[in-house]
Amino acid sequence: MDVPTATSLRDIYPEDAVPIQAKRWEKLLSQFKDMYGKQAEFVARSPGRVNIIGEHIDYSLYEVLPMAITADFIMAVAVRPADEKPRIRIASTQSHKFPSREFEIPAEGDLPIDATEHEWTNYFRSGLLGVSKLLSKKQAKHFVSRGMDILCEGTVPSGGGLSSSASFVCTSALASLIANGETKVNKKELCELAIVSERAVGVNSGGMDQAASVFSLRGSALYVTFKPSLGYTTLEIPQTDPELTFVTAQSFVAADKHVTAPVCYNLRVVECTLAAAFLAKAFSLKKELPQDSSPLGVSLRGFHDTYFEEKGGIADNTKTSVADFEEQLTELIKLTGDYLHNEDGYSRSDICALLGTTEDELNARYMSKFPVRAEKFLLRQRALHVFTEALRVLKFRQLLSSPPADGKELLKSLGDLMNETQDSCRDIYDCSCPELDELCDLARAAGACGSRLTGAGWGGCSVHLVPKDKVDAVKKAWEDKYYRKKFPDITAEKLEDAVVVSKPGSGSMVFRVV
Ligand code: NG1
Ligand code: MG
């Protein structure tokens, strides 16, 4: 399916958001004209996302269940003349935070990105670089040949766990494709390239954020699959009485993944990958773990599939029924408990002894692209989180697709799963923080059915399943007991932005101006 072209803001935003968005877009376009002395030709946009369930399992290639939010990244573009060396002029409406930049695109398309430097245009560069690689592969001739004048604006809070980065990268890739003559952009192609591109910025991320940003359809949550290849199905949110709502609450603890990656996010990716390699050895798999699209090339899902293929002669594990899959995950949870028994973690030399490799080889294979810092790798805990979380996603999806007749029962069952995710993130994946835990406790005490962190964690945002008639009480509890207490000088505007009742929004789109 292709990325749709919107002809009205009503194609993009829910009705109640259209008046505000219309003002924002008009301002962007008129500022563009003032800045560059010409009209923009098109606007590309991609939204942020909230992950409902399935945390830190996308890079192990397990299914996840996010939805797009209304907040997004929009980019007004005019293509520069064909007869000049391709050049980018890029500016943001928030120029005090994101200063304008100008650069030439090298003829061979190889755009340098310094991941060690925190430079806002790196996200644009990574999208452009991905497009350049795709075009050179597809057309076997030119890379990116056209320059662009750009003015952009993002409303997804940065470092806030709602995927501002993916919305920026997906928009940049989409804009670069259109500017270079690819007027029909295939959603899957765009998403795949955005997933790989974003890794150039220094985080070994999975593909959930880009999938939610590109594929989402208004009114539905997404069930994203990574095996056998990237795909999705949409899931309607059931009508219940009381109506179920998803509310997000910012902790205002900045989660700067780029700074913390070597001890947080990228370390978790390494731990999960090592757990896969370790389990494959411990069970003496006959086959090597299959190379796949996960950041380090082999994954817990790869172990899962190979283990059951060898055990039961299953030719294609992606075709097993939901019940079989559930049974398999339950078995893996038990096996992990039995075989990865070291609660204190495994040192590099423990892992080398089992894998039959040297420390240099281990570091080169798993920890060279993005170095990580750790004495012990908590393989047992990380694998247990991944397998139990994959099982929760499966159950959550079943509940959404065949909900029990009693709405209260549905809310309780969905909420219980979200609460279990939070416990797992806090206790065995170690990606929560006291502030996120507090927001969850306060929400539950005020009537939320389920509360958990969303996104990478270690700060950022939380998501809560709240019956509509309890939303005000939950908001009040956060305001009185969290925001005003922690930030006595908080402005009304910031407070307003902190808590959002999120309705599933639409994914990437292009809007032709002229
Ligand atoms: P955040 O930090 O919220 O953008 C990250 C990853 C996802 C996923 C989640 C955890 C990036 C771009 N995204 O999200 O792929 O692994 O954490 O579930 O790094
Ligand atoms: Mg991000």
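Note that this is a predicted model, so its numbers are computed, not measured. (Residues numbered from 1 in each chain as written. Chains lettered and ligands numbered in written order. Predicted model: local features only at pLDDT ≥ 70, side-chain atom pairs only at ≥ 80, totals over all residues.)

So, about the overall build of the protein. If you tally the helices and strands in the protein, you get 16 helices and 15 strands. A globule of 514 residues ought to have a C-alpha radius of gyration of about 24 Å, and the protein, at 23 Å, matches this closely. Projected onto its principal axes, the C-alpha coordinates of the protein cover approximately 70 × 55 × 40 Å. Once local pairs closer than 6 in sequence are excluded, the contacts in the protein between residues at least 24 apart make up 74%. (Helix = DSSP H or I, 4+ residues; strand = E, 2+ residues; numbered from the N terminus. Rg over C-alpha atoms; globule rule 2.2 N^0.38 Å. Contact = placed C-beta atoms within 7 Å.)

Around ligand 1 sit 18 residues in total, of which Glu 55, Ser 205, Gly 206, Gly 455 and Ala 456 are the nearest. When contributions to the shell around ligand 1 are tallied by element, the ones reaching two or more residues are helix 3 (164-179) and helix 5 (208-215). Across the shell around ligand 1, the residue classes tally to five nonpolar, eight polar and five charged. (Near = placed C-beta within 6 Å. Nonpolar A, V, L, I, M, F, W, Y, C, P; charged D, E, K, R; others polar.)

Now for the domain arrangement of the protein. Assigned domains within the protein: domain 1 (5-237 + 504-512), domain 2 (238-253 + 431-503) and domain 3 (257-401). Between the C-alpha centres of domain 1 and domain 3 there is a distance of 30 Å. Between domain 1 and domain 3, the contact holds 23 residues from the first and 27 residues from the second. A per-class count over the side of domain 1 that touches domain 3 returns twelve nonpolar, seven polar and four charged. (Domains from an automatic or database assignment.)

UniProt's entry tags residues 31-78 with the feature "domain: Galactokinase N-terminal" (unreviewed entry), counted in the numbering of this structure. Between the first and last C-alpha atoms of residues 31-78 the distance is 13 Å; the span itself is 12% helix and 54% strand. (UniProt positions renumbered as here; feature names shortened; annotations may be inferred.)

Now for the nonpolar core. Ranked by size, the top nonpolar core spans 155 residues in total, and within it Val 77, Leu 174 and Leu 190 carry the most contacts. With twelve residues, helix 7 (residues 265-282) is the single largest residue contributor to this core. Ignoring any residue separated from it by four or fewer positions in sequence, one finds Leu 174 in contact with Val 3, Ala 44, Ser 46, Val 185, Leu 190, Ser 508 and Val 510. (Core = buried A, V, L, I, M, F, W, Y, C linked by C-beta atoms within 7 Å. Buried ≥ 20, exposed ≤ 12 C-beta atoms within 10 Å, placed from the backbone.)

This part takes up helix 1 (residues 18-36). Helix length check: helix 1 (19 residues) gives 27 Å between terminal C-alpha atoms against 27 Å at 1.5 Å per residue, within 8%. Note on helix 1: the residue one or two positions beyond its end, Gly 37, has a positive phi of about 70°. (Expected span 1.5 Å × (residues − 1).)

With that settled, the discussion passes to the sheet that holds strand 1 (residues 5-6). Here we have seven strands laid out as an open sheet, ordered 1-15-2-3-6-4-5, and mixed in their pairing. Of all strands in the sheet, those bounded by a partner on one side alone are strand 1 and strand 5 (101-104). Judged from the seven bridges that link them, strand 3 (residues 65-79) and strand 6 (residues 148-154) form a sheet pairing that is antiparallel. Each residue of the ladder has a partner; that of Phe 73, found in strand 6, is Gly 154. Against the sheet, helix 5 makes contact with strand 2 (42-53) and strand 3, and its axis sits at roughly 125° relative to strand 2, the strand it touches most. (Pairing = 2+ DSSP bridges. Axes fitted to C-alpha atoms, helices over the stretch in contact; angles between N-to-C directions.)

Looking now at the pairing of strand 12 (residues 450-454). With five of five residues buried, strand 12 lies mostly within the body of the structure. Two elements, strand 12 and strand 13 (residues 461-467), share five bridges in a ladder whose sense is antiparallel. The residue of strand 13 that forms the bridge with Gly 450 is Leu 465. The hairpin turn running from strand 12 into strand 13, its antiparallel successor, is six residues long, and Gly 455 in that turn takes a positive phi close to 85°.

Attention now goes to unusual backbone geometry. The omega angle of the peptide bond from Lys 227 to Pro 228 is 0°, so this bond is cis rather than trans. Topologically, Pro 228 is positioned in the loop between strand 7 (220-225) and strand 8 (231-236). In this structure, Pro 242 follows Asp 241 across a cis peptide bond, with omega equal to 0°. The topology assignment puts Pro 242 in the loop between strand 8 and strand 9 (244-250). Its identity as a non-glycine residue notwithstanding, Ser 163 has a phi of 70°, on the positive side. Overall, the presence of 34 C-beta atoms within 10 Å leaves Ser 163 in the buried class.

Position of Tyr 429 relative to the elements: it lies in the loop between helix 13 (407-427) and helix 14 (434-445). Residues Tyr 429 and Glu 55, 374 residues apart in the sequence, show an inter-C-alpha distance of 9.8 Å. With near-sequence residues (within four places) excluded, Tyr 429 lies in contact with His 56, Gln 381, Arg 382, His 385 and Ser 424.

Let us look at the packing of helix 2 (residues 122-139) against helix 3. Contact geometry for helix 2 and helix 3: axes closest at 8 Å, N-to-C directions at 45°. The angle between the axes of helix 2 and helix 3 places the two elements in the oblique class. The interaxial crossing formed by helix 2 with helix 3 has right-handed handedness. Side by side, helix 2 and helix 3 meet where Tyr 123, Phe 124, Ser 126, Gly 127, Leu 128, Gly 130 and Val 131 of the first sit next to Ser 165, Phe 168, Val 169, Ser 172, Ala 173, Ser 176 and Leu 177 of the second. Counted by class, the contact of helix 2 with helix 3 contains eight nonpolar, six polar and no charged residues. (Parallel < 35°, antiparallel > 145°, perpendicular 65-115°, else oblique. Left-handed = near helix turned anticlockwise from the far one by under 90°.)

Looking now at the packing of helix 9 (residues 322-339) against helix 12 (residues 379-401). It is at 9 Å that the axes of helix 9 and helix 12 come closest, and there the two elements cross at 160°. Between helix 9 and helix 12, the angle falls in the class roughly antiparallel. The two elements helix 9 and helix 12 meet at a crossing, and its hand is left-handed. Listed contacts from helix 12 to Val 322, Phe 325, Glu 326, Leu 329, Leu 332, Ile 333 and Thr 336 of helix 9 are Arg 380, Ala 383, Leu 384, Phe 387, Thr 388, Ala 390, Leu 391, Leu 394 and Gln 398. Among the residues making up the contact of helix 9 with helix 12, the classes are represented as eleven nonpolar, three polar and two charged.

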